[in-house]
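Observations on chain architecture
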Amino acid sequence: MSGEAILAYADTLEEELVAIRRDLHRHPELLYDVHRTAAKVAGLLEEWGLEVRRGVGRHFGMGVVGILRGRAEGRTVLLRADMDALPIQEENDAAYKSRHEGVMHACGHDAHTAMLLGAAKALSRFREELRGTVKFVFQPAEEGARPVPEDGRLLSGGRDMIEDGILEGVDAGYAFHVWPELPIGTVGVHRQYAMAASYHFTVQFHGVTGHHSTPHQAVDAIVMAAQFIGEIKVAMSTELDPMEPAVLSYGTLRAGSAHNAIADHAVLTGTFRAFDKETILRIVHALEHRAGAVAASFGGRSDVRLREGTPLRNDPRAVRQVQAAGAKVFGEANTLLLDAPSLAGEDFAWYLERIPGAFVFIGAGNAERGIVHPVHHPRFDVDERVLAYGAKLHIQLARQALEEDWTN
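The rules we used
Residues numbered from 1 in each chain as written. Predicted model: local features only at pLDDT ≥ 70, side-chain atom pairs only at ≥ 80, totals over all residues. Heavy atoms only, no water. Helix = DSSP H or I, 4+ residues; strand = E, 2+ residues; numbered from the N terminus. Rg over C-alpha atoms; globule rule 2.2 N^0.38 Å. Buried < 20%, exposed > 50% of the residue type's maximum accessible area, 1.4 Å probe, protein only. Areas by Shrake-Rupley, 256 points an atom, 1.4 Å probe, with all protein chains shown as cover. Lys, Arg positive; Asp, Glu negative; His and termini not counted. Charge placed at Lys NZ, Arg CZ, Asp CG, Glu CD. Salt bridge = Lys/Arg side-chain N within 4 Å of Asp/Glu carboxyl O. Polar contact = N/O pair within 3.5 Å; in protein donor to acceptor, adjacent residues only side chain to side chain. Contact = heavy atoms within 4.5 Å. Pairing = 2+ DSSP bridges. Core = buried A, V, L, I, M, F, W, Y, C linked by side-chain atoms within 4.5 Å. Axes fitted to C-alpha atoms, helices over the stretch in contact; angles between N-to-C directions. Left-handed = near helix turned anticlockwise from the far one by under 90°. Nonpolar A, V, L, I, M, F, W, Y, C, P; charged D, E, K, R; others polar.

Looking only at helices and strands, the chain has 10 helices and 18 strands in total. For the chain, the C-alpha radius of gyration of 23 Å lies close to 22 Å, the compact-globule estimate for 408 residues. Projected onto its principal axes, the C-alpha positions of the chain cover 80 × 50 × 45 Å. In the chain, which comprises 408 residues, the proportion classed as buried is 56%. As displayed, the chain has an accessible area near 17000 Å², and 48% of this comes from carbon and sulfur atoms. Placing the 42 positive and 55 negative side-chain charges of the chain at their respective mean positions leaves the two points 3 Å apart.

Structure representation (structure tokens):
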């Protein structure tokens, strides 16, 4: 395959990719409710002649997979983009501003989808020179999870699609994230750990309501929640190895229904992040054990629900592939090897528990144009030149991964 020819063709798609990204940005969708986005993605993949699976996901069925088979059999490489947005009110004034109140693409998933579509179109045009198979995976619900109707497990989009078999026969996989902290025209990959295991927790305390004049006849759920909050913060500082990074924060606390009635319920939510498996187990134990102990001490009861996470760890061979591909697309000086991982979480970690691969950060910042706000900010945006860069990096990585012997 002529590497220069296909990369040059990808450059000609920049205007089309910008239009796709802006359309997706105007119409953001949350979690598994990505009906419009998934339909647009599937339609374009079918238009370009790929085999397309719609409704992928064992329980929620909102993923899309495009399969491109080359002229000959060979290895299989997976490329993933996420499609869901965030429940954030956009504060940008761009012409492509979100049209959905309280919802925006504040994490760049619109850009991820557009750049992977660009790679799919370009590779499909050169399929006769391709040896092996490329799976283009478009995933819902990277930003969160929903309970599975059958068993109540909180399941993210990546795990839902994995349970539907998308990793069968895959030799390697890659996913990208636009990153405003890196300037446009640069790319970075971590040597090993890229992101932490991100756990979400919901703790419910159940008490007995009563009038403020007779507190001895009630069980106060607010007091239970307050004591639990302090005890977990103590546990984080006294029960964990101080050499292992970990952080826990509370997000919401909802309790009671009247100012003069003792609350019979309290619901507390939050997240914790860590890398080490033993540290994760200790935090889970602390949440579950201390919630039960606090509730029992007041004569109430508790329930703890967790959305599991896992650390995102790159494969060393895949890191070398990213460095080589980055040097080709961005230049060697603009291809960075990163050391300090982020305590943010990423659903692609579940893929890399099962297949070798890497998670890549693509520079999307531009201080001169005011594109400096971090992900999940209401004024988040990207320098749209990142779309062609991302498409070309997908292409280069796919070509290299199909030539690599991942069995050694």
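Bringing the side chain of D160 into the picture now. In this structure, D160 sits in helix α5 (residues 157–162). One buried charged residue, D160, remains without a salt bridge, the closest side chain of opposite sign being R153 at 7.0 Å. At a separation of 2.7 Å, a polar atom in the side chain of D160 contacts the main-chain amide nitrogen of H59. Every residue in contact with D160, bar those within four places of it in the chain, is listed here: Y32, G57, R58, H59, F60, G61 and L155.

Here the focus is the pairing of strand β1 (residues 51–56). The sheet contact formed by β1 and strand β2 (residues 63–69) spans four bridges and is antiparallel. The residue of β2 that forms the bridge with V56 is G63. The hairpin formed by β1 and β2 contains six residues between the paired strands, and G57 there has a positive phi angle of roughly 140°.

Here we come to the nonpolar core. Counting residues in each nonpolar core, the largest one holds 100 residues, and the members touching the most others are F136, F138, Y174 and L393. Ignoring anything within four residues of it in the chain, the contact list for L393 reads F176, V187, A325, G326, V329, F330, V360 and I362.

One way to put it is that helix α2 (residues 14–26) packs onto helix α4 (residues 109–125) with a least axis distance of 9 Å and a crossing angle of 145°. Between α2 and α4 the crossing geometry is right-handed. Where α2 abuts α4, its residues E16, L17, I20, R21, L24 and H25 lie against D110, A111, T113, A114, L117, G118 and K121. Here the contact of α2 with α4 is composed, by residue class, of six nonpolar, three polar and four charged.

In this section: the sheet that holds β2. Ordered by their spatial adjacency, eight strands build an open sheet running β1-β2-β4-β3-β7-β18-β8-β17, and the pairing between neighbours is mixed. Looking at which strands have only one partner, the edges of the open sheet turn out to be β1 and β17 (335–338). In this sheet, neighbouring strand axes are inclined to one another by 25° on average, regardless of whether the strands run parallel or antiparallel. Sheet topology note: the β2/strand β4 (residues 131–139) ladder contains six bridges and is antiparallel. Bridging from a neighbouring strand, R69 pairs with T133 of β4. Along the sheet, helix α3 (residues 35–47) makes contact with β1, β2 and β4, crossing β1 at roughly 165°.

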